[in-house]
Amino acid sequence: QVQLVESGGGLVQAGGSLRLSCAASGSIFSINTMGWYRRAPGKQRELVATITSGSSANYADSVKVRFTISRDNAKNTVTLQMNSLKPEDTGVYYCHAAVARQYAGSYYNHWGQGTQVTVSS
């Protein structure tokens, strides 16, 4: 059993910053890619940023110059530093991890429950 727990969401004014964190726990042998996705009001869920086990990151164009994703493999955590926030960044942010529970096991997608980020104008 794998659990992803997010923290750090909240309300912030435009131009401000938030840091989201996600900790994976449970039956974890290894974690491949981790990432953050978000769902804005009235819109589909979209990728925000992902990071490989080797810390190779990729970002949505809309956040590339403002957000930074990082991870700590020893702690099974992933962090999203969000700077220069805009109202359009508002939404529910979900942590994702591809987790193998045993040696030579398949990687399965796991999702956190989501954390609300609200950016006021």
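Just above sits the structure.
Residues numbered from 1 in each chain as written. Predicted model: local features only at pLDDT ≥ 70, side-chain atom pairs only at ≥ 80, totals over all residues. Heavy atoms only, no water.

Enquirer: Help me understand the nonpolar core, please; the structure alone is not making it clear to me.
Expert: Generally speaking, soluble globular proteins have nonpolar side chains that are buried together. Trp36, Leu80, Met82 and Tyr93 are the most contacted members of the largest nonpolar core, which has 28 residues in total. In this view, leucine 80 contacts Leu18, Arg19, Leu20, Trp36, Val48, Ala49, Phe67, Thr68, Ile69 and Tyr93; residues no more than four positions away in its chain are not counted. (Core = buried A, V, L, I, M, F, W, Y, C linked by side-chain atoms within 4.5 Å. Buried < 20%, exposed > 50% of the residue type's maximum accessible area, 1.4 Å probe, protein only. Contact = heavy atoms within 4.5 Å.)

Enquirer: Can you walk me through the packing of aromatic side chains in this structure?
Expert: Within a pair of aromatic rings, the relevant descriptors are the distance that separates the centres and the angle that separates the planes. On inspection of all chains with the given rule, the structure shows 2 aromatic pairs. Ring centres 5.0 Å apart and planes at 65° place the aromatic pair tyrosine 37 and tryptophan 111 in the edge-to-face group. One end of the pair, tyrosine 37, is in strand S4 (residues 30-39); the other, tryptophan 111, is in strand S10 (residues 107-111), with 74 residues separating them in the sequence. Over the face of the ring belonging to tyrosine 37 we find arginine 45, whose NZ or CZ atom lies 6.0 Å from the ring centre. Seen from the ring of tryptophan 111, arginine 45 lies directly overhead, with NZ or CZ sitting 4.0 Å from the centre. (Phe/Tyr/Trp six-rings, centres within 6.5 Å; stacked < 30°, edge-to-face > 60°. Helix = DSSP H or I, 4+ residues; strand = E, 2+ residues; numbered from the N terminus. Lys NZ or Arg CZ within 6 Å of the ring centre and 35° of its normal.)

Enquirer: Which parts of the structure should I look at to understand the pattern of salt bridges?
Expert: It is possible for side chains bearing opposite charge to pair when their charged atoms get close. As enumerated under the stated definition, the model contains 4 salt bridges in all. A salt bridge links lysine 64 to aspartate 61; its shortest N-O distance comes to 3.4 Å. (Salt bridge = Lys/Arg side-chain N within 4 Å of Asp/Glu carboxyl O.)

Just distances and angles here, no functional claims.
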